[in-house]
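# Coordinate analysis (summary)
Listed below, chain by chain, are the residues.
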Amino acid sequence: MAEGGLVAETPEELYHRALAAADAEGRLPLPPVDTWETFPFDGELRARPLLPPLPAEKPRLGEDAADCWRCAQGDEDAIWTDERWLLTPLPEPSGLPVIVILQPRAHHDLGDLPPELAAELGPLIVRIERAVASVGEIGRVHVGRWGDGSAHLHFWFIARPARLPQTVGSFAAIWDDILPPTPEPIWRANLAAVAAAMSG
Ligand SMILES: [Zn+2]
């Protein structure tokens, strides 16, 4: 312990502290999801038993550039590129009107992004937000970076429809799986609008 400093709680300590609030099966009480308009599910629900910490983090897809799918893919799926960045769609339509992914061409994660790329990132995020919003009838463009699946840095730009009150907030990503896929011609037109706005 650093003198006078705070001590971080280990995952094991967090787990045991949480278990003290759980039932005999390790299930924690639910927050009041039945009062949340955006919560996508209904009926009797219970939390899954909390699992204990793993000995180590699971490796992600493409931790090494040598076996990174993004590096192998090149830029043929991109709807917009420049010398250092790619903007790509999902492989097929999903429930929300349009989702695009921003990635550097080179194999970096957020924490090891070189200074010149880091300096470009802020203006690029703003530019892509505007381009996705230009599709029309978009209520918000959510910008997300989780990075727990693939190691190659990727930012999500998730457009939620305007005026559908249940799709606001972070559950938009779940509604994307629940809503029927956007019809292919509309999805392609939405991607073309994003690409046109990026090139304009
Ligand atoms: Zn890569």
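One can find the structure itself at the top, above this paragraph.
So, here's what we can say about the structure. Computed from a predicted model, the values in this text were never measured in an experiment.

## Points about helix H5 (residues 184-199)
Look at H5: 22 Å from first C-alpha to last across 16 residues, which is about the 22 Å you get at 1.5 Å a residue. Along H5, the residues that are buried comprise Trp187, Asn190, Leu191, Val194, Ala195 and Met198. Taken around the axis of H5, the buried residues stretch over an arc of 135 degrees, which confines them to a single face. Seen from the open side of H5, the exposed residues pointing more than 90 degrees away from its buried face are Pro185 and Ser199.

## What to know about the nonpolar core
Of all hydrophobic cores here, the largest spans 24 residues; its most connected members are Leu102, Ile128 and Val132. Those elements giving two or more residues to this core turn out to be strand E2 (85-89), strand E3 (98-104), helix H3 (115-133), strand E4 (138-144), strand E5 (155-161) and H5. At 6 residues, the largest contribution of residues to this core is made by H3. Filtering out sequence-adjacent residues up to four positions away, Ile128 remains in contact with Leu87, Val100, Leu102, Phe157 and Met198. Core analysis: the next-biggest nonpolar cluster, separate from the first, contains 6 residues, Ile99, Ile101, Ile158 and Ala172 among them.

## Things to note about the pattern of salt bridges
Oppositely charged side chains can form a pair if their charged atoms are brought close together. A complete count under the given rule lists 11 salt bridges for this structure. For the salt bridge of Arg60 with Glu63, the shortest nitrogen-to-oxygen distance reads 2.9 Å. Note on Glu63: relative accessible area 37%, which makes it partly exposed. A salt bridge links Arg145 to Asp109, with the nearest nitrogen and oxygen atoms 2.8 Å apart. Of the two residues, Arg145 is situated in the loop between E4 and E5 and Asp109 in the loop between E3 and H3; the sequence distance between them amounts to 36 residues. Accessibility expressed as a relative area gives 33% for Arg145, which makes it partly exposed. A relative accessible area of 15% means that Asp109 is categorised as buried. A cluster of three or more residues bridged by salt bridges with shared partners is formed by Arg60, Glu63, Asp109 and Arg145.

Reading the values: the criteria
Residues numbered from 1 in each chain as written. Predicted model: local features only at pLDDT ≥ 70, side-chain atom pairs only at ≥ 80, totals over all residues. Heavy atoms only, no water. Helix = DSSP H or I, 4+ residues; strand = E, 2+ residues; numbered from the N terminus. Expected span 1.5 Å × (residues − 1). Buried < 20%, exposed > 50% of the residue type's maximum accessible area, 1.4 Å probe, protein only. Arc of directions from axis to C-beta. Core = buried A, V, L, I, M, F, W, Y, C linked by side-chain atoms within 4.5 Å. Contact = heavy atoms within 4.5 Å. Salt bridge = Lys/Arg side-chain N within 4 Å of Asp/Glu carboxyl O.

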